[in-house]
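# Breakdown of the fold
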Amino acid sequence: MSTMAEDRPLRKLDPLLRLAVAQAGNEKVADLFKFQESAGLAPTNLRDMPIGLQSLTARLSPQSARGVFETDAVPVLIEATSSKAIAASLKELGIRSEDISPSAVTAMVPRSSLEKVSNLKEVHFVEASTRLQPHCDLAHVASGLVRNGVRQVRETGKGVLVGVIDTGIDTLHPAFRVNGNPRVVDYLDQHGGTLFSAAQIQDGTAANVAPDKEGHGTHVAGIAAGNGDGSGSLAFAGTAPEADLAVVRTTFDTADIARGIKHIFEVAAARQQPCVVNLSLGGHFGGHDGTTILERTIDQLSGPGRIVVASAGNDGSSQLHAELDIPKGAGTPGRAVADFRVVSRRIGTTLVGLLDLQLWCQREDQLKVSVRCPSGEVIVLNEGEQVNADRNSFRVSGVHSRGVYNDDHVYTVRVVCIPEETWLSGWSVIAEEAAPGSAPVGKLHGWILMRDMGNFVSGHTRTHLVAMPGTAYSAICVGSFASRREWESEDDNAVPTALGGIRLGDVSYFSSPGPARDGNTKPEISAPGQYLIAPLSGEATPDHVPHWLRVKGLQYTAMQGTSMAAPYVSGAVALLLERFPDMDWAEAKRRLIRSVAQNGFTGSCWNLRWGFGVLDLPRLLAVDPGPSV
Amino acid sequence: MTDLEKILNSPDLAREMRPQTRVMVALRSSGGSRSTLARLEKLGLSIVEVVAGTVIGDASAQAVTAIRQDPDVAGVEYSHPLGKHA
């Protein structure tokens, strides 16, 4: 019998390596690995293994397996007080190592030396080199969906319709087929107004007539509901791999998006299926408080078994939002200024400065809002009056109106100028009280509608950047965090070195922060969105999906964005709907929020980058949400 | 012709800045009664589809001004493009 003193050093050894020490030469174990390798390493095969070995073997790379059970040297990761110190000690034992961080090294350690290495005083832990692929994508590890290569939840999305409104889908991709039959049950092309029949989806007509040349929709659909076919051992299956799919190839116009959601919910009703619709899109036109007509339409269309998920947006590092705090004037009106610049850009073959801007303040505030031009001229936006100021080098048009649903003041401005520095820079928004004390709230929010139009150079804040329709009251709004920074690329030489700077587990730099302008807690949740590997549309052009993003040898590609995080949550909602088909958006949000994982990155309460925390799929499907939040 | 006019008169800009006609008309009640829809059509709205409490259609700027005044209309927004989040 072992004594405690004898056991203690082994505690610094990964259980798998302890097994290697204890069972050296055990032929049955070695045979298991041969079986595992020949069987394609599918989780179903792992279930046939003896209990206890399942989780251990699932983690091993083939190289580790051979090292542990068939050859003498084992590839390991060693965490120590310092990489320099452990490297020196290993060298004394005749073992070469390589630094991977200030406190960790990798090394090939002979089995006979494992115990000796773990006994070294500077060693904290010796871990077996483990498999990152192909059993599951890293996103699934980050969300808890897959642990030790085994899916942790029973639900697969069966019987649920996942709707995707996007650039289209490659209906021929194996990830969207079962036994050759399409999993896409409905495909509407809003460009041509064509609704493809099941036969047209089956025979490839839909893919030919409405191809996904940008690859965005195919990737998004794959994250939510791809079945992993064509990725080798189902490596990159989506969150809900057995859900049905309804896809709208949209024009991205708000009216068409509303029509697309209605269409998908009608398909779901006809099929008597619960449904979640994914919107990996957005913009900054609107009050950022859920009161645009599109957002209110989403609220009206949502209900039991009808849920919409939207991405937060990728403007987290932008200067698209400015917040003007107008001091309460005593004697003279309070005044605040935000400066902005226009960026020259090419529209077709024409180089021009063209910027759209919207400013919002609460209905109680009576403000005089104006635009100061580089020439020094000030153009005032009076309520109900269309302004058109045509000058030799620029044109400013604007209108002061009221929000449809909130009656707030909204100032919409368009600047067009010649692409010369004199006219691109030196623009300002000026907000002042109409009379001293006439702005009790005293806050004006401004959004430049797109990054390539320009940016604020003063008054900007990294808040309130969550895009519409993510700010819709009923929509589940999703931010992104990093779960991957490497893959085997089709073009190894072109992989940007900047990927090494991605901190795994941390919020993505681009993920748009909230809150909504009315203080609503947006985003609600974060999910893996940087980088995710999912199906590559066969029609995607290198302009849209460059070769360095594509996975070598597979029809799969990496992409990043809250566009990728949203469908991850859409898939999660599909799993919930499989179990609770009548669940409405409020209940879905309650369950998502109650089950989030929180960590050192997220903090312990809602914050504007992460929302309430990180999607935790096993908890989502296990935890009783309790009373309303 | 000024430099700006040359730019504004280019086909690219003309296309980019062409007047939008697709509108979303928010009704005060969901669905919209037949009489409301008929009145909106009379005001110049070419109805494409009714989505919940929103009528989607095409209208000239002049018609939009009239539609906004209709007692059953909560507000009108021009349809506008959104972007992908990737």
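Residues numbered from 1 in each chain as written. Chains lettered and ligands numbered in written order. Predicted model: local features only at pLDDT ≥ 70, side-chain atom pairs only at ≥ 80, totals over all residues. Heavy atoms only, no water.

### Some words on the overall build of chain B
Each helix and strand counted, chain B has 4 helices and 5 strands in total. Counting helices and strands in the order they occur from the N terminus, chain B gives α-α-β-α-β-β-α-β-β. Here chain B has a C-alpha radius of gyration of 16 Å; the compact-globule value for 86 residues is 12 Å, and the former is much larger. For chain B, the C-alpha atoms occupy an extent of roughly 50 × 35 × 20 Å along the three principal directions. (Helix = DSSP H or I, 4+ residues; strand = E, 2+ residues; numbered from the N terminus. Rg over C-alpha atoms; globule rule 2.2 N^0.38 Å.)

### Comments concerning unusual backbone geometry
Residues and elements named next belong to chain A. Residues glycine 514 and proline 515 are joined by a peptide bond in cis, for which omega reads 0 degrees. Within the fold, proline 515 resides in the loop between strand E28 (476–482) and strand E29 (525–530). Of note, the bond from lysine 522 into proline 523 is cis; its omega dihedral lies within 30 degrees of zero at -5 degrees. If you trace the backbone, proline 523 turns up in the loop between E28 and E29. Positive phi values are uncommon outside glycine, yet glutamine 272 reaches one of about 55 degrees. Considering the arrangement of structural elements, one finds glutamine 272 in the loop between helix H13 (254–271) and strand E13 (275–279). Residue classification places glutamine 272 among the exposed positions, given a relative accessible area of 75%. (Buried < 20%, exposed > 50% of the residue type's maximum accessible area, 1.4 Å probe, protein only.)

### Observations concerning the interface of chain B and chain A
Counting residues at the interface gives 35 residues for chain B, matched by 56 residues for chain A. Taking both partners together, chain B and chain A bury about 3,500 Å²; carbon and sulfur atoms supply 63% of that area. Among the residues chain B hides against chain A, the three largest losses belong to Leu4, Leu82 and His85 of chain B. Together they make up 23% of the total. There are 3 salt bridges connecting chain B and chain A. Among the ionic pairs, glutamate 49 of chain B bridges to lysine 262 of chain A, the shortest N-O distance being 3.1 Å. Inspection of the chain B/chain A interface yields 23 residue pairs in polar contact (both at pLDDT 80 or more). Of all the secondary-structure elements, those providing two or more residues to the side of chain B that touches chain A are helix H1 (3–8), helix H2 (11–16), strand E1 (22–27), strand E2 (46–51), strand E3 (54–58), strand E4 (73–78) and strand E5 (83–84) of chain B. Take the side of chain B that touches chain A: its biggest share by element is 5 residues, from E4 of chain B. (Contact = heavy atoms within 4.5 Å. Buried area = accessible area lost by both parts, 1.4 Å probe. Salt bridge = Lys/Arg side-chain N within 4 Å of Asp/Glu carboxyl O. Polar contact = N/O pair within 3.5 Å; in protein donor to acceptor, adjacent residues only side chain to side chain.)

### Re the confidence of the model for chain B
All names here are of chain B. For chain B, the mean per-residue pLDDT works out to 92, and 98% of the residues sit at or above 70. Here H2 is the element of chain B with the lowest mean pLDDT, 89, and E3 is the one with the highest, 97. Here the prediction assigns the complex a pTM of 0.82, and the interface score ipTM is 0.95. (pLDDT = per-residue confidence, 0-100.)

### Comments concerning the packing of aromatic side chains
Residue and element names in this part refer to chain A. Within this structure, the stated rule accounts for 12 aromatic pairs over all chains. Relative to tryptophan 610, the ring of phenylalanine 481 has its centre 5.8 Å away and its plane inclined at 35 degrees; by these criteria the two rings are tilted. Note that phenylalanine 481 is positioned in strand E28 and tryptophan 610 in the loop between helix H17 (585–594) and helix H18 (617–622), a separation of 129 residues in sequence. In this structure tryptophan 610 comes out as buried when scored by relative accessible area, which is 3%. A centroid spacing of 5.0 Å and a plane angle of 50 degrees characterise the contact between tryptophan 487 and tyrosine 531, whose relative ring orientation is tilted. One end of the pair, tryptophan 487, is in the loop between E28 and E29; the other, tyrosine 531, is in the loop between E29 and strand E30 (532–535), and 44 residues separate them in sequence. Overall, the relative accessible area of 6% leaves tyrosine 531 in the buried class. (Phe/Tyr/Trp six-rings, centres within 6.5 Å; stacked < 30°, edge-to-face > 60°.)

### Notes on the pattern of salt bridges
For the structure shown, the criterion picks out 32 salt bridges over all chains. For arginine 249 of chain A, the salt bridge identified is with aspartate 189 of chain A, shortest N-O distance 3.0 Å. Separated by 60 residues along the polypeptide, arginine 249 of chain A in strand E12 (residues 244–249) and aspartate 189 of chain A in strand E10 (residues 184–189) bring together distant segments of the chain. Classification of aspartate 189 of chain A by relative accessible area gives buried; the value is 4%. Its salt-bridge partner being arginine 402 of chain A, residue aspartate 407 of chain A comes within 3.6 Å of it at the nearest N-O pair. Exposure remark for aspartate 407 of chain A: the relative accessible area of 39% places this residue in the partly exposed category. The class of arginine 402 of chain A is partly exposed, set by a relative accessible area of 29%. Salt bridges linked by common partners bring Asp256, Arg259, Lys262 and Glu266 of chain A together with Glu49 of chain B together as one network.

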